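An overview of the molecular structure
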Amino acid sequence: MVRIYETDKLLSEYLLFHYGTHKDVLPDGTAWPAGMHDALDFAVRTARVFPGDDAASGLDLGCAVGRSTFEMARSCRHVVGIDFSETFIQAATTLRDGGSLTYHRLEEAAVHTPLAAFAPAGIDRGRVDFRHGDAMDLPADLGLFDRVHAANLLCRLPHPQRLLDRLPSLLWPGGHLVLATPCTWLAGFTPPSEWPVPDTRTWLTQSLSASFELLDTREEPFLIRETARKFQWSLSWVTHWRRR
Ligand SMILES: C[S@@+](CC[C@H](N)C(=O)[O-])C[C@H]1O[C@@H](n2cnc3c(N)ncnc32)[C@H](O)[C@@H]1O
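Residues numbered from 1 in each chain as written. Predicted model: local features only at pLDDT ≥ 70, side-chain atom pairs only at ≥ 80, totals over all residues.

Examining the overall build of the protein chain
- Secondary structure assignment for the protein chain yields eight helices and nine strands.
- In summary, the protein chain has a C-alpha radius of gyration of 17 Å against a globular reference of 18 Å for 244 residues, a match within 12%.
- Viewed in the frame of its principal axes, the protein chain has a C-alpha envelope of about 50 × 40 × 35 Å.
- Taken over 244 residues, the protein chain has a buried fraction of 39%.
- Contacts in the protein chain between residues at least 24 apart in sequence constitute 69% of all its contacts with a sequence separation of at least 6. (Helix = DSSP H or I, 4+ residues; strand = E, 2+ residues; numbered from the N terminus. Rg over C-alpha atoms; globule rule 2.2 N^0.38 Å. Buried ≥ 20, exposed ≤ 12 C-beta atoms within 10 Å, placed from the backbone. Contact = placed C-beta atoms within 7 Å.)

Pasting the structure below:
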């Protein structure tokens, strides 16, 4: 399994991606194209796909450093965030316990800017737990949830079908599932023999339709800043399902 999510580089990029203010990501003084502004706050937008009413329990798979997990806790009384990266889970837990975490934003070469990530305001952090785990091999006793969120995780798994097969047993009848994927299938993460056939949309629909009703789909852009002048702009296909 690829270990890039344990590196300091990815940790800094994801803390900025999830918790950076708009000016942390796109500092004043540059005429950033409008599409870059539109791609901010992805981890907040995917969590907002869920209904606004209160729910008992939520699960955020591939939670990284935890922003969507915190956002789900605005309406869920308990949310578990699970990620395979020990480094990300440690950072998310520090944010839960202390509310903040310092890190560095890479500008270029060896030039860095110190920044701080803050857990979002207005959320009871005691509602959130972070755990190290494998989304393809979740504990049998994990339980059932009212809401499950997995953003940009599927195409980072060696065996994504294992997660799709497990999803029905993670949700109560009537529970809501939000899956987002930019469909960036890469052999370094997923062997080509495991890539969707004939395409991601058909594969997801065929895998989930027996147990889930598709409520909505949307396109959500996201922006990951690597340096002051290098960004990844991607488009995630977000699907919202209800457990039958
Ligand atoms: C592309 S990132 C997306 C993170 C976050 N959901 C977001 O939308 O910003 C993929 C995440 O999946 C995690 N991941 C990769 N393989 C995993 C696995 N087998 N089980 C759980 N998490 C995994 C990585 O550590 C990383 O945090």
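Next comes the rest of the description.
Considering unusual backbone geometry
- Following Val197, the chain continues to Pro198 via a peptide bond in cis, the omega torsion being 0 degrees.
- With a phi close to 55 degrees, Ala64 is a non-glycine residue in the positive phi region.
- Within the element layout of this structure, Ala64 appears in the loop between strand E1 (55-61) and helix H5 (67-72).
- C-beta crowding within 10 Å serves as the criterion here: with 28 such atoms nearby, Ala64 is assigned to the buried category.

A word on the site of the ligand
- Every one of the 18 residues lining the ligand counts as a neighbour, but Tyr5, Gly62, Ala64, Ala135 and Ala151 are closest to it.
- Per-class residue counts for the shell around the ligand are twelve nonpolar, three polar and three charged. (Near = placed C-beta within 6 Å. Nonpolar A, V, L, I, M, F, W, Y, C, P; charged D, E, K, R; others polar.)

Quick notes on the nonpolar core
- Counting residues in hydrophobic clusters, the biggest one holds 56 residues, and the most contacted among them are Leu15, Leu61, Phe88, Ala91, Ala92 and Val148.
- The element best represented in this core is helix H1 (residues 8-19), accounting for six residues.
- Setting aside anything within four residues of it in sequence, one finds Ala92 in contact with Cys63, Val65, Gly66, Gly81 and Phe130. (Core = buried A, V, L, I, M, F, W, Y, C linked by C-beta atoms within 7 Å.)

Looking at H1
- With twelve residues, H1 ought to run about 16 Å at 1.5 Å a step, and its terminal C-alpha atoms sit 16 Å apart, in line with that.
- For H1, the buried fraction is high: nine of the twelve residues fall into the buried class.
- All of the buried residues along H1 are Leu11, Ser12, Glu13, Tyr14, Leu15, Leu16, Phe17, His18 and Tyr19. (Expected span 1.5 Å × (residues − 1).)

Brief notes about the sheet that holds strand E9 (residues 230-243)
- One open sheet accounts for seven strands, arranged E5-E2-E1-E6-E7-E9-E8; its pairing is mixed. In the strand order of this sheet, the two ends are held by strand E5 (128-132) and strand E8 (212-227), each with one partner. Here the strands of the sheet are splayed against their neighbours by 15 degrees on average, with no regard to which way each runs.
- Here helix H6 (residues 86-98) sits on the sheet in contact with strand E2 (76-83) and E5, set at roughly 160 degrees to E5. (Pairing = 2+ DSSP bridges. Axes fitted to C-alpha atoms, helices over the stretch in contact; angles between N-to-C directions.)

Considerations on the packing of H1 against H6
- One can describe the packing of H1 onto H6 by two numbers: an axis separation of 10 Å at closest approach and a directional angle of 40 degrees. Our classification of the angle between H1 and H6 gives oblique. Two packed elements cross with a definite hand, and for H1 against H6 that hand is right-handed. Two secondary-structure elements touch here, H1 through Leu11, Tyr14 and Leu15 and H6 through Thr87, Phe88 and Ala91.
- Looking at the contact of H1 with H6 residue by residue, the class counts come to five nonpolar, one polar and no charged. (Parallel < 35°, antiparallel > 145°, perpendicular 65-115°, else oblique. Left-handed = near helix turned anticlockwise from the far one by under 90°.)

Quick look at the pairing of E9
- Across six bridges, strand E7 (residues 171-181) lies against E9 in antiparallel orientation. Looking at the pairing, Ala180 lines up with Val238 of E9.

A word on the environment of Gly58
- By the element assignment, Gly58 lies in strand E1.
- Taking C-alpha positions, Gly58 is 7.0 Å from Met72, a pair spaced 14 residues apart along the chain.
- Dropping the residues within four chain positions of it, Gly58 is found in contact with Met72, Cys76, Val79, Phe145, Asp146, Arg147 and His149.

Remarks on the pairing of strand E6 (residues 145-151)
- Where burial is concerned, most of E6 is hidden: seven out of the seven residues are buried.
- Pairing of E1 with E6, which is carried by four bridges, proceeds in the parallel orientation. In the sheet register, Leu59 faces E6, and the bridge partner there is Val148.
- Relative to E7, E6 is paired through six bridges, and the arrangement is parallel. Bridging across to E7, Val148 finds its partner in Leu177.
- With helix H7 (residues 160-166) bridging E6 and the parallel E7, this β-α-β connection has right-handed handedness. (Right-handed = clockwise from strand over helix to strand, strands pointing away.)

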